[in-house]
Amino acid sequence: MLEKIIKGTVLIVATIVLTLAACSSTIFAAAKAPVTPSWGSWKDTTITYATTNTSSYYKGVWKNAVKRWNKVGVVQLKAAKSGEKADITLTSSASLSTKSGKLAGYTNYSYINKGSNDNQIVSAKSTLNRSLLTKYGYTKSQRTNVATHEIGHALGLSHSSSKKSVMYASDRYASIDHQDKVGLDEAYGE
């Protein structure tokens, strides 16, 4: 009788362990961190930029945003040499309106379509809207977040659905998150 109880107990414990193992792998799979999507990438991971602002304030905003992306370690943004055409132009405007309304920042780009989400970026221009950023009281740190977001587009990242991502469509408070690095890694084949 004692032998039957021990075998039954062992069978129950083994069943519980297997069930917990199956559940935990399901939980870990469901808890996989989000990835910022990408729409394309540059041919090389060294990308040049030029800041066309005359304001030292906005040059500083763009410089800080560039440092943030360089710190991620996937791409290397380098200032274009004098007379050299930069891959990305970083600027600001007194106002900025598109078909979708007034925006804090906007990036337009040219690319070669090489297939689904495999576009090769050939030029980009990111612009910050000075009047809107001032009107809504953006701090320098928040303006840097917007600049970081716009450079993210110039690097090939799309909008993220996560509010923790710098690539979230309408958040001035987020900076580069792990999911942004993973998205950039995937875009550049890391």
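Going by the structure above, here's the rest.
Residues numbered from 1 in each chain as written. Predicted model: local features only at pLDDT ≥ 70, side-chain atom pairs only at ≥ 80, totals over all residues. Heavy atoms only, no water.

Draft legend 1. Molecular detail of the pairing of strand β4 (residues 88-93). In the sheet, strand β2 (residues 46-51) pairs with β4 via three bridges, with the strands oriented parallel. Residue pairing in the sheet places T51 in a bridge with L90 of β4. As judged from the six bridges shared by β4 and strand β8 (residues 119-129), these two strands associate in the parallel manner. Considered in β8, the bridge of S92 is made with L128. (Pairing = 2+ DSSP bridges. Helix = DSSP H or I, 4+ residues; strand = E, 2+ residues; numbered from the N terminus.)

Draft legend 2. Layout of the packing of aromatic side chains. Applying the stated rule across the entire model yields four aromatic pairs. Residues W39 and Y111 carry aromatic rings whose centres are separated by 5.4 Å and whose planes lie at 65° to one another, so their mutual orientation is edge-to-face. With a gap of 72 residues between them, W39 in the loop between α1 (2-30) and β1 (40-42) and Y111 in strand β7 (residues 105-112) connect regions that are remote in the sequence. Given the relative accessible area of 10%, W39 is considered buried. Owing to a relative accessible area of 41%, Y111 belongs among the partly exposed residues under this scheme. Centroid distance Y109 to Y111: 6.3 Å. Interplanar angle 55°. Geometry classified as tilted. Linked through ring pairs, W39, Y109 and Y111 together constitute an aromatic cluster. One cation-aromatic arrangement involves R172 over Y138; the distance from NZ or CZ to the ring centre is 4.0 Å. (Phe/Tyr/Trp six-rings, centres within 6.5 Å; stacked < 30°, edge-to-face > 60°. Buried < 20%, exposed > 50% of the residue type's maximum accessible area, 1.4 Å probe, protein only. Lys NZ or Arg CZ within 6 Å of the ring centre and 35° of its normal.)

Draft legend 3. Structural detail: the packing of helix α2 (residues 56-72) against helix α4 (residues 140-154). Where α2 contacts α4, the axes come no closer than 8 Å and their chain directions differ by 55°. If you check the angle between α2 and α4, you find them oblique. The way α2 lies across α4 gives a crossing that is right-handed. Every residue of α4 that contacts α2 at Y57, Y58, G60, V61, W62, N64, A65, V66, R68 and W69 is listed here: K140, S141, R143, T144, N145, A147, T148, E150, I151 and G152. (Axes fitted to C-alpha atoms, helices over the stretch in contact; angles between N-to-C directions. Parallel < 35°, antiparallel > 145°, perpendicular 65-115°, else oblique. Left-handed = near helix turned anticlockwise from the far one by under 90°. Contact = heavy atoms within 4.5 Å.)

Draft legend 4. Expanded view of the side chain of S126. The residue S126 is located in strand β8 in this model. By relative accessible area, S126 is classed as buried at 0%. In terms of polar contacts, S126 uses its side chain to reach the side chain of T107, at 2.9 Å. A polar side-chain atom of S126 sits 3.4 Å from the main-chain carbonyl oxygen of E150. Here S126 is in contact with W62, T89, L90, T91, Y106, T107, E150, I151 and A154, once residues within four sequence places are set aside. (Polar contact = N/O pair within 3.5 Å; in protein donor to acceptor, adjacent residues only side chain to side chain.)

Draft legend 5. Molecular detail of the pattern of salt bridges. Across all of its chains, the model carries one salt bridge by this definition. Among the ionic pairs, D185 bridges to K181, the shortest N-O distance being 2.9 Å. Here D185 pairs with K181, and both are found in helix α5 (residues 178-187), just four residues apart, close to one helical turn. Residue classification places D185 among the buried positions, given a relative accessible area of 17%. Residue K181 is classed as partly exposed on the basis of its relative accessible area, which comes to 29%. (Salt bridge = Lys/Arg side-chain N within 4 Å of Asp/Glu carboxyl O.)

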